[in-house]
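Tertiary structure, described
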Amino acid sequence: MTEQTPQPSGVDLARVALRAAKEQARARGNAVQQKKQARRGGLRSGARADGRDPLPLGAAISRLITERGWETPAAVGGVMGRWPQIVGPEVALHCEPQRYDDQARVLTVQCDSTAWATQLRLLAPTLVARLNDDLGQGTVRLLKVLGPGGPARRYGSLRAPGSSGPGDTYG
């Protein structure tokens, strides 16, 4: 004995036909829309935002920094610009940041005298903690403090043997 499935009739048959007609109309409409877009030269921006809309300058720069992975260098660059607010005006008069090594996470600071270099070496743990609070933990692991650059070394006939120059006040 074979079972027969009931054939749609009446209202059910009309629903199936309506559904098929709607799908065909939708497909024709999509095809017409794609042809129009191809004739016009591709997609056009409409009332809704898409990826081609202009961005404000700040948003464009933020997106560029994120895409390129420059978050840490940009943050450290901001710290170098705000150095007086971070360390205080008196320290900023005598010490200034020179460079940041991203791999070693070392911030190099140069002072204008050996006394200030010594003072900054004593303050280094506090400054590293303050910088990490501002930039995020682990951004700066070490503060490398340099003394002042000495005058150019002059080599000549008046130089004492074994002398390296005025080393007591420079470096």
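Bear in mind the structure is a predicted one, so any value in this text is a computation, not a measurement.

1. Quick notes on the overall build of the chain
When helices and strands are counted, the chain shows 6 helices and 3 strands. In sequence order, the chain lays out its α and β elements as α-α-α-α-α-β-β-α-β. Of the contacts formed within the chain by residues at least 6 apart in sequence, a portion of 50% connects residues at least 24 apart. Approximately 13,100 Å² of the chain is accessible, and the part contributed by carbon and sulfur atoms is 54%.

2. Brief notes about the pattern of salt bridges
As enumerated under the stated definition, the model contains 2 salt bridges in all. Between Glu67 and Arg63 there is a salt bridge, with the nearest N and O atoms lying 3.4 Å from each other. Taken together, the positions of Glu67 and Arg63, both in helix 2 (residues 57-68) and 4 residues apart, correspond to about one turn of that helix. A salt bridge links Arg82 to Asp134; the nearest nitrogen and oxygen atoms lie 2.7 Å apart. With Arg82 in the loop between helix 3 (71-81) and helix 4 (83-87) and Asp134 in helix 6 (residues 114-135), the pair connects residues that are 52 residues apart, well separated along the chain. Overall, the relative accessible area of 40% leaves Asp134 in the partly exposed class.

3. Considerations on the packing of helix 3 against helix 6
For the pair helix 3 and helix 6, interaxial distance at closest approach is 11 Å and the crossing angle is 125°. With respect to each other, helix 3 and helix 6 are oriented oblique. The interaxial crossing formed by helix 3 with helix 6 has right-handed handedness. For the pair formed by helix 3 and helix 6, the contact residues are Ala75, Val76 and Val79 on the first element and Leu131, Asp134 and Leu135 on the second. Its residues assigned to classes, the contact of helix 3 with helix 6 comprises 5 nonpolar, no polar and 1 charged.

4. Description of the sheet that holds strand 3 (residues 142-146)
On the basis of which strands lie adjacent, the open sheet formed by 3 strands has the order 1-2-3 and mixed pairing. Since the sheet does not close on itself, it has two edges, and those belong to strand 1 (95-101) and strand 3, each with one partner. Each strand of the sheet is rotated relative to its neighbour by a mean of 25°, with strand direction disregarded. Where strand 2 (residues 106-111) meets strand 3, 5 bridges bridge the pair, whose relative direction is parallel. When the bridges of strand 3 are listed, Gln110 appears paired with Leu146. Packed onto the sheet, helix 3 meets strand 1 and strand 2 and runs at close to 175° relative to strand 1. Lying over the sheet, helix 6 contacts strand 1, strand 2 and strand 3, oriented at roughly 160° with respect to strand 3.

5. Description of the side chain of Asn132
Looking at where Asn132 falls in the secondary structure, it is placed in helix 6. Exposure remark for Asn132: the relative accessible area of 8% places this residue in the buried category. Polar side-chain contacts of Asn132 include one of 3.2 Å to the backbone nitrogen of Thr139. With near-sequence residues (within four places) excluded, Asn132 lies in contact with Gln137, Gly138, Thr139 and Val140.

6. Side note on the pairing of strand 2
Summarising burial for strand 2: 5 of the 6 residues are buried, a large majority. Bridge count between strand 1 and strand 2: 6 bridges; the pairing is antiparallel. Across the sheet, Asp101 pairs through a bridge with Val106, a residue of strand 2. The hairpin formed by strand 1 and strand 2 contains 4 residues between the paired strands, and Arg105 there has a positive phi angle of roughly 60°. Once you follow strand 2 into helix 6 and on to strand 3, the crossover reads as right-handed.

So, how was this worked out
- Residues numbered from 1 in each chain as written.
- Predicted model: local features only at pLDDT ≥ 70, side-chain atom pairs only at ≥ 80, totals over all residues.
- Heavy atoms only, no water.
- Helix = DSSP H or I, 4+ residues; strand = E, 2+ residues; numbered from the N terminus.
- Contact = heavy atoms within 4.5 Å.
- Areas by Shrake-Rupley, 256 points an atom, 1.4 Å probe, with all protein chains shown as cover.
- Salt bridge = Lys/Arg side-chain N within 4 Å of Asp/Glu carboxyl O.
- Buried < 20%, exposed > 50% of the residue type's maximum accessible area, 1.4 Å probe, protein only.
- Axes fitted to C-alpha atoms, helices over the stretch in contact; angles between N-to-C directions.
- Parallel < 35°, antiparallel > 145°, perpendicular 65-115°, else oblique.
- Left-handed = near helix turned anticlockwise from the far one by under 90°.
- Nonpolar A, V, L, I, M, F, W, Y, C, P; charged D, E, K, R; others polar.
- Pairing = 2+ DSSP bridges.
- Polar contact = N/O pair within 3.5 Å; in protein donor to acceptor, adjacent residues only side chain to side chain.
- Right-handed = clockwise from strand over helix to strand, strands pointing away.

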